[in-house]
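# Per-entry structural report
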Amino acid sequence: MVNLIQAKNINGSNKFSKLSDIDIYYAQHCPLSLICEEVYKLQDLNLFTIGTGECVFYTHKQPFPRPRQNWGFTLTDRELALGDLSKIEAALKEISQSPLHTVCILTCIPTLVGMDLSHLSSSNITYISAAGYIDKKPGEVIADFYIQLLKNKAFATHDETAVWDNSLSSYAELCRCLTAKRHIVRNKKYLPLFSSLNATIDIEIIDDSKKSMGNEYAVT
Amino acid sequence: MPLHKYTSLPTARMEMFYAATRYPDLAVLEFSTSGHALLNYGHLLRLDSGIVIKNDSQTLQNAYEIQSSGRPCGFTANPSETEIILGDDDTLCSALEILAKSGFKHIFLLPSAIHSVIGSYPIERIAEFSKKLGLNIFTAKTGLNDDFYSGSRQLFESFQQHFLSENTQKTPESEIQKNHFTIVGGLAYRSSWQEHQYIHKLIKDQFNMNCSFDSMNPSSIESWKNITYSAFNIVTTHSALSLAKSIQAKYGIPYVPFWGIGKNAELKALHSISEIVKRKRKGYESDTFIIYDQVMCQLGNICKLSCADVVCYADIDRIDALRKFLSEFFPNIKFICSHQNHLNVAYCEINQLIERYKDSDYFVLSYDSVCKHMPKAVTIDYSGTEYHLLTPLKKPKIGIAGAYRLAEVITEMLLK
């Protein structure tokens, strides 16, 4: 199936025109774009993008106010041909000194060459793979982001009820909500997170997402 | 420096994409992951008559829309994981077939980051597709981390190779040739369209000549052939200089560089044109130069009073233009280029420059994304990462108009 998308004249009624009988998909953001938006919305996270010049340029379009950091690392022959990750390691060490948690996104090229940063594990950094060539729907990318971001956090420690809706706007808030034993999920993007948690521990989840409006990304 | 803490500049592929999508009958096909071109570049907001890009970040079905003079021409085809691993090109083949069916005769295959890593797309395969589909499919060379400037140069070379081939004959001298000129150059990311419009008007006013081809506002990719029947060729960036030299050697069409700022630069270019076309220019209004000299005298006084140490950081065209214009106003001025260059101007990566000068007393003239980190700075160019409404559209940064514009912003900053 060909995913060929044509930009339509700005005065046209449809956003994309169909050129043939082959299915034309609507344009989708690349996973980097989706995760970058989620990170931006959570107001206490840094962003560290590893990829090509385009990835770094694009993420710098997001204005992260101080003290948040929005750094990028463009891969060179040193990393790709020689496998020397020392400069990335130094940069990650520097950003991990920040009081804020950092999300490190590995885009297409680092994923393609199998870049492994797991030995640089730090409690202050979450690594997310966001390769555009891997067939994933936008909702799945975002759901995976929350699973990765919160996977090692303490949960179900307090006899409280947390509401997972669009008002959650910080990483600290997400971590706090996770400690509750009852969860009302009003945004579908959090549902896969609870599916993954529910498999290991008994927590009460109320799926209220169907009644709620304003889900930006449908998880299918 | 591969670490970007503050900002970054466009890449070669981005410059190629923006420059190539200006041609309404040239399909620009990116065979890469998830549509860098279609989506990410769409955030490079530009108010420019050549291209209008609209981005609605509120919706997932983000539209990337191009309006040029004809139909839109930006496409993306995404290879699957399997295709990347096995090196298959079924998707590319289908995409080319669709474009052929929709009537495109010329297709520019945008170099992709993926192929820069796993190996360039084979030229033989492209030739095979061209033959099979009866299309002119071509690409351009670029490395993974090439800068926007080298992207511009490589694209011009590619266009020259494919649209001004050895077989293109020089049109016999005619009335058309005597009354037309062409413009090559410009950088898509920095809205060079405004500068080209300024040159159009200037030459029309001074010599009553029309432009038959403008690389920033082309009517068709095939209009490249118009270069062979023009009286002269205006070059507005160093990236197009080797193209202009080659056209002069092959077709005997002289070129005139025009990227300078100020009265002297403008008059020098007009004088060169006058000698080529063997016509006297019409001349300016009587008080034009009196007013200009007075304004520049005022600027000189203000600059001398400020005793500022100045750093100018820009691309090589701006540096070359400003070096001649600003040196008389600021004796202590340093020029640093944002990319490797052939004029031996010191080069510094953008983040290193910000790191070096952000806490200094230097007065910085640079890109908007650099200036926002500096205590005293004036924006002389746009990097594309900041959201500015670039209005009005007709404010060129070259010639006499460019000098006035620069004088305004410099005095405003120095007198603060």
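Quick note: structure is the one above.
The structure presented is a predicted model; accordingly, all values stated were derived computationally and were not measured. (Residues numbered from 1 in each chain as written. Chains lettered and ligands numbered in written order. Predicted model: local features only at pLDDT ≥ 70, side-chain atom pairs only at ≥ 80, totals over all residues. Heavy atoms only, no water.)

Next up on the list: the overall build of chain B. Each helix and strand counted, chain B has 16 helices and 13 strands in total. Counting the 416 residues in chain B, one finds 60% classified as buried. For chain B, long-range pairs separated by at least 24 residues make up 69% of all intrachain contacts whose partners lie at least 6 apart in sequence. Element-wise, carbon and sulfur atoms account for 50% of the exposed surface of chain B, whose accessible area totals about 16700 Å². (Helix = DSSP H or I, 4+ residues; strand = E, 2+ residues; numbered from the N terminus. Buried < 20%, exposed > 50% of the residue type's maximum accessible area, 1.4 Å probe, protein only. Contact = heavy atoms within 4.5 Å. Areas by Shrake-Rupley, 256 points an atom, 1.4 Å probe, with all protein chains shown as cover.)

All told, the structure shown has 18 salt bridges over all chains when counted by the stated rule. Residue Asp144 of chain A pairs with Lys136 of chain A through a salt bridge whose shortest N-O separation is 2.5 Å. The partly exposed category is assigned to Asp144 of chain A, whose relative accessible area is 29%. Taking the relative accessible area as the measure of exposure, Lys136 of chain A reaches 37% and is therefore partly exposed. Between Lys358 of chain B and Asp359 of chain B there is a salt bridge whose closest N-O contact spans 3.6 Å. A relative accessible area of 23% places Lys358 of chain B in the partly exposed class. When salt bridges with common partners are traced through the structure, they connect Glu38, Lys41 and Lys189 of chain A into a single cluster. (Salt bridge = Lys/Arg side-chain N within 4 Å of Asp/Glu carboxyl O.)

As a further point, take the packing of helix 6 (residues 138-150) of chain A against helix 7 (residues 171-178) of chain A. Residue and element names in this part refer to chain A. One way to put it is that helix 6 packs onto helix 7 with a least axis distance of 11 Å and a crossing angle of 75°. With respect to each other, helix 6 and helix 7 are oriented roughly perpendicular. From helix 6, Tyr146, Leu149 and Leu150 reach across to helix 7, where they touch Tyr171, Leu174, Cys175 and Leu178. Residues that form the contact of helix 6 with helix 7 fall into these classes: seven nonpolar, no polar and no charged. (Axes fitted to C-alpha atoms, helices over the stretch in contact; angles between N-to-C directions. Parallel < 35°, antiparallel > 145°, perpendicular 65-115°, else oblique. Nonpolar A, V, L, I, M, F, W, Y, C, P; charged D, E, K, R; others polar.)

Turning our eyes to something else, we now look at the sheet that holds strand 11 (residues 333-337) of chain B. All names here are of chain B. Spatially, four strands are ordered 11-10-12-13 in an open sheet, and the strand pairing comes out parallel. The sheet is open, and its two edges are formed by strand 11 and strand 13 (377-381), each paired on a single side. With strand direction ignored, the average angle separating the axes of adjacent strands in the sheet is 20°. As judged from the five bridges shared by strand 10 (residues 310-314) and strand 11, these two strands associate in the parallel manner. Across the sheet, residue Tyr313 finds its bridge partner in strand 11, namely Ile336. Packing of helix 13 (residues 316-326) onto the sheet brings it into contact with strand 10, strand 11, strand 12 (363-367) and strand 13, and relative to strand 11 it is tilted by some 165°. (Pairing = 2+ DSSP bridges.)

Geometry of an aromatic ring pair is reported as the spacing of the ring centres plus the angle between the planes. Summed over the entire model, instances satisfying the criterion amount to 23 aromatic pairs over all chains. When the centroid spacing of 5.0 Å and the interplanar angle of 70° are considered together, the rings of Tyr146 of chain A and Tyr190 of chain A count as edge-to-face. Placement of the pair is Tyr146 of chain A in helix 6 and Tyr190 of chain A in the loop between strand 7 (180-185) and helix 8 (191-198), with a sequence separation of 44 residues. Using a relative accessible area of 1% as the deciding quantity, one classes Tyr146 of chain A as buried. Classification of Tyr190 of chain A by relative accessible area gives buried; the value is 1%. Ring-pair connections join several aromatic residues into one group, and the members of that group are Tyr23, Phe108, Phe138, Phe156, Phe159, Phe163, Phe213 and Trp224 of chain B. (Phe/Tyr/Trp six-rings, centres within 6.5 Å; stacked < 30°, edge-to-face > 60°.)

Residue and element names in this part refer to chain B. By the element assignment, Ser274 lies in helix 11 (residues 263-277). Under the relative-accessibility criterion, Ser274 is labelled buried at 18%. Sequence separation between Ser274 and Asp381 is 107 residues; the distance between their C-alpha atoms is 30 Å. For Ser274, the contacting residues outside a window of four places in its chain are Phe207, Arg279, Lys280 and Arg281.

Quick look at the environment of Leu299 of chain B now. Relative to the assigned elements, Leu299 of chain B resides in helix 12 (residues 288-306). Residues in contact with Leu299 of chain B, not counting those within four places in the same chain, are Phe325, Phe329, Ala407, Ile410 and Thr411 of chain B.

Moving on, we get to the environment of Glu355 of chain B. All names here are of chain B. Tracing the chain through its elements places Glu355 in helix 14 (residues 350-357). By relative accessible area, which is 37% here, Glu355 ends up partly exposed. Between the C-alpha atoms of Glu355 and Leu343, which are twelve residues apart in sequence, the distance is 25 Å. Residues in contact with Glu355, not counting those within four places in the same chain, are Lys5 and Tyr6. Only 3.3 Å separates the side chain of Glu355 from the side chain of Tyr6, close enough to count as a polar contact. (Polar contact = N/O pair within 3.5 Å; in protein donor to acceptor, adjacent residues only side chain to side chain.)

Looking now at the sheet that holds strand 1 (residues 3-4) of chain B. In space, the five strands of this open sheet follow the order 5(A)-4(A)-2(A)-3(A)-1(B), with mixed pairing throughout. Of all the strands in the sheet, just strand 5 (125-129) of chain A together with strand 1 of chain B have a single pairing partner and so form its edges. Pairing of strand 2 (residues 45-51) of chain A with strand 3 (residues 70-74) of chain A, which is carried by five bridges, proceeds in the parallel orientation. Note that in strand 3 of chain A the partner of Thr49 of chain A across the bridge is Gly72 of chain A.

That's the geometry; what it means functionally is another story.
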